[in-house]
Amino acid sequence: MKNTLLVKNVLHDGRKTNILVEGNRFRNMAAPEETVADKVIDAQGKAILPPFFNTHTHAAMSLLRGYADDMPLFKWLSEYIWPFENKMTSHDIYEGSKLAVREMIKSGSVFFNDMYFDLEETVRAVDESGMRAALGVTFVESHSKSQQEDKLQMLRHWNDPTGGRIQLTVAPHAIYTVSDELFRKCAETAHEMNLKLHVHLSETAKEVEDCVREHGMTPVRYLDSLGVLGPNVIAAHVVHVDREEMDILAERGVTISHCPCSNMKLASGVFKAKQLIEAGCKITIGTDGDSSNNNQDMREEMKFAALLAKMSSGDPETLPADEAFRWATAAGAEAFDIDSGVIAQGKLADFILVDLNDERMRPCHHLVSNWVYSADTSAIDKVVCDGKVIYEK
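Being a predicted model, the structure only gives us computed values, none of them experimental.

Scoring rules and cut-offs
- Residues numbered from 1 in each chain as written.
- Predicted model: local features only at pLDDT ≥ 70, side-chain atom pairs only at ≥ 80, totals over all residues.
- Heavy atoms only, no water.
- Helix = DSSP H or I, 4+ residues; strand = E, 2+ residues; numbered from the N terminus.
- Rg over C-alpha atoms; globule rule 2.2 N^0.38 Å.
- Buried < 20%, exposed > 50% of the residue type's maximum accessible area, 1.4 Å probe, protein only.
- Contact = heavy atoms within 4.5 Å.
- Areas by Shrake-Rupley, 256 points an atom, 1.4 Å probe, with all protein chains shown as cover.
- Polar contact = N/O pair within 3.5 Å; in protein donor to acceptor, adjacent residues only side chain to side chain.
- Salt bridge = Lys/Arg side-chain N within 4 Å of Asp/Glu carboxyl O.
- Pairing = 2+ DSSP bridges.
- Axes fitted to C-alpha atoms, helices over the stretch in contact; angles between N-to-C directions.
- Phe/Tyr/Trp six-rings, centres within 6.5 Å; stacked < 30°, edge-to-face > 60°.
- Lys NZ or Arg CZ within 6 Å of the ring centre and 35° of its normal.

**Q** Any chance you could explain the overall build of the protein here in plain terms?
**A** Scanning the protein for helices and strands turns up 14 helices and 16 strands. The C-alpha radius of gyration computed for the protein amounts to 21 Å, which stays within 12% of the reference 21 Å derived for 393 residues, consistent with globular compactness. For the protein, with 393 residues in total, the buried portion stands at 59%. In the protein, the share of contacts with a sequence separation of at least 24, taken over all contacts with a separation of at least 6, comes to 70%. Counting every atom, the protein has about 15700 Å² of accessible surface; 48% of that belongs to carbon and sulfur.

The structure is reproduced here in structure tokens:
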């Protein structure tokens, strides 16, 4: 018999109800009062909401939080981050991933899309945590930890120890760290194995200028010329793009991971939210790593995304609360083919319970607006992933 969880007296879609979870899916969104379950949560005074899906980060870089702040991206990477990473052991990566995982769970995330090294260590941290993840087999040709053939073999012999909570991705770091030959190889492998391809793209003006000088075209056009772009691609940042490139991304079905805090902290540029929305691009939200954000708080990221979109467009109607919330939740789940991100019968039972008595949630004229603009993560009472409670306040 499947394990059952009953969430009683919870606010859902504006009304109080009882929700029954059977196994790892929502079974009944209006369960009778007399329903018997293995575990019962009295959620009086709480609202049920979808959790966050963080579509771009580097979990183990939690160990570099505050290490090299307030400098441009390429100086930050070449003079500080990469030399530090070269000294990190497998145990360091495990401990860094564990720290990031705890931070993400406590702030309402049940999933993250990671790009880092010593993948087995992050797998171990995720397995122990109970959350979901897409973990990148990462390629950086100039990096000491990038062993190409070994990594491709790992993809072909992968066995998920969690029984379905972890998926692997192919993760060529960026156009300035991966050759065209390796990019093609990564794209072919991802296509052949039906995997996502995760890449940094058009993050800085320097990246664009260098690409034009070396290849005679901008990064989006360059990857498109290599046959890399497609509906399996998750492209992080996408700050410096013109309208034709936006159309290419939309036509190819590429998913963008918008990282507003990292972009602002590194002064990478301003994400063109209004134009990308108008072009029909798929957009999600990521935190980036703790070394450039400096946290994994997706609720904070969601608010910054909404405010930055309004400020940059000069239009207060750009990216309203409901859409920013969707980017941070359902859109992220959809991007990774996870049957979650909404609270509905038959969907995977991933959710958070938010305390409506928290001072930042009162009064509650509009629940989602409060969650996007007003609250902080101290209002989170419980986090449930795959039908199991993985955090209780």
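**Q** What am I meant to see in the side chain of D386 here?
**A** Mapping D386 onto the fold places it in the loop between β15 (380-385) and β16 (388-392). Classification of D386 by relative accessible area gives buried; the value is 16%. A polar atom in the side chain of D386 sits 3.0 Å from the side chain of N24. Side chain to side chain, D386 and R132 meet in a polar contact 2.9 Å long. Apart from the residues lying within four places of it in its own chain, the contact partners of D386 are G23, N24, R132, R165, L348, A349 and D350.

**Q** So what exactly am I meant to see when it comes to the pattern of salt bridges here?
**A** Working definition: two side chains of opposite charge can pair if their charged atoms are close together. Tallied over the full model, the rule gives 25 salt bridges. Note that E33 is salt-bridged to K8, the shortest N-O span being 3.5 Å. Separated by 25 residues along the polypeptide, E33 in the loop between β3 (25-28) and β4 (39-42) and K8 in strand β1 (residues 4-12) bring together distant segments of the chain. Counted as one network, the salt bridges with shared partners bring together R221, D242, E244 and E245.

**Q** How should I be thinking about the sheet that holds strand β6 (residues 52-57) in this particular structure?
**A** In sheet architecture, strand pairing relies on hydrogen bonds along the backbone and comes in two forms, parallel and antiparallel. Across the sheet, eight strands lie side by side as β6-β7-β8-β9-β10-β11-β12-β13; this open sheet has parallel pairing. With one partner strand each, in any of the chains shown, β6 and β13 (282-285) form the two edges of the open sheet. Averaged over neighbouring strand pairs, the angle between their axes works out to 25 degrees when direction is ignored. The pairing of strand β10 (residues 196-201) with strand β11 (residues 233-237) spans five bridges and is parallel. Bridging across to β11, L201 finds its partner in H237. Here helix α2 (residues 90-106) sits on the sheet and contacts β6 and β7 (109-116); the angle it forms with β7, its principal contact strand, is near 150 degrees.

**Q** I would appreciate a short explanation of the packing of aromatic side chains in the present structure.
**A** A complete count under the given rule lists eight aromatic pairs for this structure. Taking 4.9 Å as the distance between ring centres and 50 degrees as the angle between the ring planes, the aromatic pair formed by F111 and F336 counts as tilted. In this pair, F111 is assigned in strand β7 and F336 in the loop between α13 (330-335) and β14 (351-355), connecting sequence segments 225 residues apart. With relative accessibility at 0%, the residue F111 sits in the buried group. On the basis of relative accessible area, F336 is assigned to the buried category, the value being 2%. Between Y116 and F117, the aromatic rings sit 5.4 Å apart at their centres with planes inclined by 55 degrees, giving tilted as the arrangement. Both residues of the pair, Y116 and F117, belong to the buried class. The structure contains a cluster of three or more aromatic residues connected by ring pairs, namely F53, F111 and F336. Over the face of the ring belonging to F74 we find K206, whose NZ or CZ atom lies 4.8 Å from the ring centre.

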